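Each chain, letter by letter, is given below.
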Amino acid sequence: MIEVSNLSKVFPDGTRALAGVNVTVPDGDFVAVIGLSGAGKSTFLRCLNRLVDPSEGAIRVGDRDVAGLHGRQLQHYRRTVGFIFQQFNLVQRLSVLDNVLSGRLGYHPTWRGLLGLYTDHDRELALAAIRSVGLAGKEEARVDQLSGGQQQRVAIARAMAQEPQLILADEPMASLDPRLSDVILGILRDYNEAKGVTVLVNIHVLDLAKRYAKRVLAFNKGALVFDGPVTSLDDELETRIYAGSLEAL
Ligand code: ADP
């Protein structure tokens, strides 16, 4: 369960990216985060794994007070959260397997990961993750030899190898050919259904959100303006979300 209360973020330059957000997400949900560009969607996801430090408010994920974590406790929390970036964030000159194995780094002292001393368990998890994103046979390929869509699948496999309790995906299809969106979202949905892991995905194409998500959170100017099942989205609501005419919840 994720419980966010009164979450606000003001960046050092004075930009208010989030304002008083309150939301609860039960375990196993598949949530699309929608809204105009600049609405605060990415900042919201980044606060959930502390890539961005909140200015105010509380974030609980499971039994952890995420907003208050630091040092080793923050590292332990982060290894349970898979974060998928628009630009993949892979090490281009390393193999698919090495990139996916790096999802296990949070479970070992740093020197061990640096020396490549992964355990058999790590390798089994990594190989299974590579299979489940459809890249079996590509384990030894260098990432820079892969297409963009394949690279994003490597990034998803790396997140899966973390054995996460939560996956956050920040417009994972944005730098790909639109035809690949279904592949990426399909992999995330299958994983959500098979493992019961909560997935939050920032999606700017509403039609995709409707096809894959169970629930929608809509942001406007840093405020949460809609929170409900995807089935309750209709033309009028969609127009109001994108026209910015809904009140903050
Ligand atoms: P979205 O993901 O909905 O496009 P963002 O969360 O990226 O929105 O951004 C919300 C607002 O915060 C925007 O006005 C954006 O320009 C601003 N913002 C994002 N990151 C920073 C930053 N590091 N410093 C200053 N302003 C930022």
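Along every chain, residues carry numbers that run from 1 in the direction the sequence is written. pLDDT decides what is reported in this predicted model: residues at 70 or higher carry local features, side-chain atom pairs at 80 or more are listed and counted, and totals for whole chains, interfaces and linings draw on all residues regardless. Excluding hydrogens and water, the side-chain values take into account all heavy atoms of the structure.

(A) Local environment of the side chain of Asn220. The secondary structure listing takes helices from DSSP runs of H or I that are at least 4 residues long and strands from runs of E that are at least 2 residues long, numbered from the N terminus. Positionally, Asn220 belongs in strand S9 (residues 215–220). Accessibility expressed as a relative area gives 12% for Asn220, which makes it buried. Throughout, a residue-residue contact means that at least one pair of heavy atoms, one from each residue, lies within 4.5 Å. Beyond its immediate stretch of four places on either side in the chain, Asn220 contacts Ala39, Val225 and Gly244. Burial status follows relative accessibility: with a 1.4 Å probe on protein chains alone, a residue under 20% of its type maximum counts as buried, one over 50% as exposed, and anything between as partly exposed.

(B) The pattern of salt bridges, seen in detail. Any carboxyl oxygen of Asp or Glu within 4 Å of a side-chain nitrogen of Lys or Arg constitutes a salt bridge here. Under the criterion given, the structure shown has 11 salt bridges. One salt bridge connects Asp170 with Arg46, and the closest N-O pair in it is separated by 3.2 Å. In this pair, Asp170 is assigned in strand S7 (residues 166–170) and Arg46 in helix H1 (residues 41–48), connecting sequence segments 124 residues apart. Residue classification places Asp170 among the buried positions, given a relative accessible area of 4%. Asp227 serves as the salt-bridge partner of Arg215, at 2.9 Å between the closest nitrogen and oxygen. Taken as a pair, Arg215 in strand S9 and Asp227 in strand S10 (residues 223–229) lie far apart in primary sequence, 12 residues in all.

(C) Fine view of the sheet that holds strand S6 (residues 81–84). Spatially, six strands are ordered S6-S7-S8-S3-S9-S10 in an open sheet, and the strand pairing comes out mixed. The strands lining the two open edges of the sheet, one partner per strand, are S6 and S10. For this sheet, the mean angle separating the axes of adjacent strands, direction not counted, is 15°. DSSP bridges decide pairing: two strands pair if at least two such bridges lie between them. Here strand S3 (residues 30–34) pairs with strand S8 (residues 198–202) via four bridges, running parallel. Looking at the pairing, Phe30 lines up with Val199 of S8. Only C-alpha atoms enter the line fits that serve as axes; for helices the fit covers just the stretch in contact. Angles between N-to-C directions range over 0 to 180 degrees. Taken strand by strand, helix H7 (residues 181–195) contacts S3, S6, S7 and S8, and its axis lies near 160° from that of S8.

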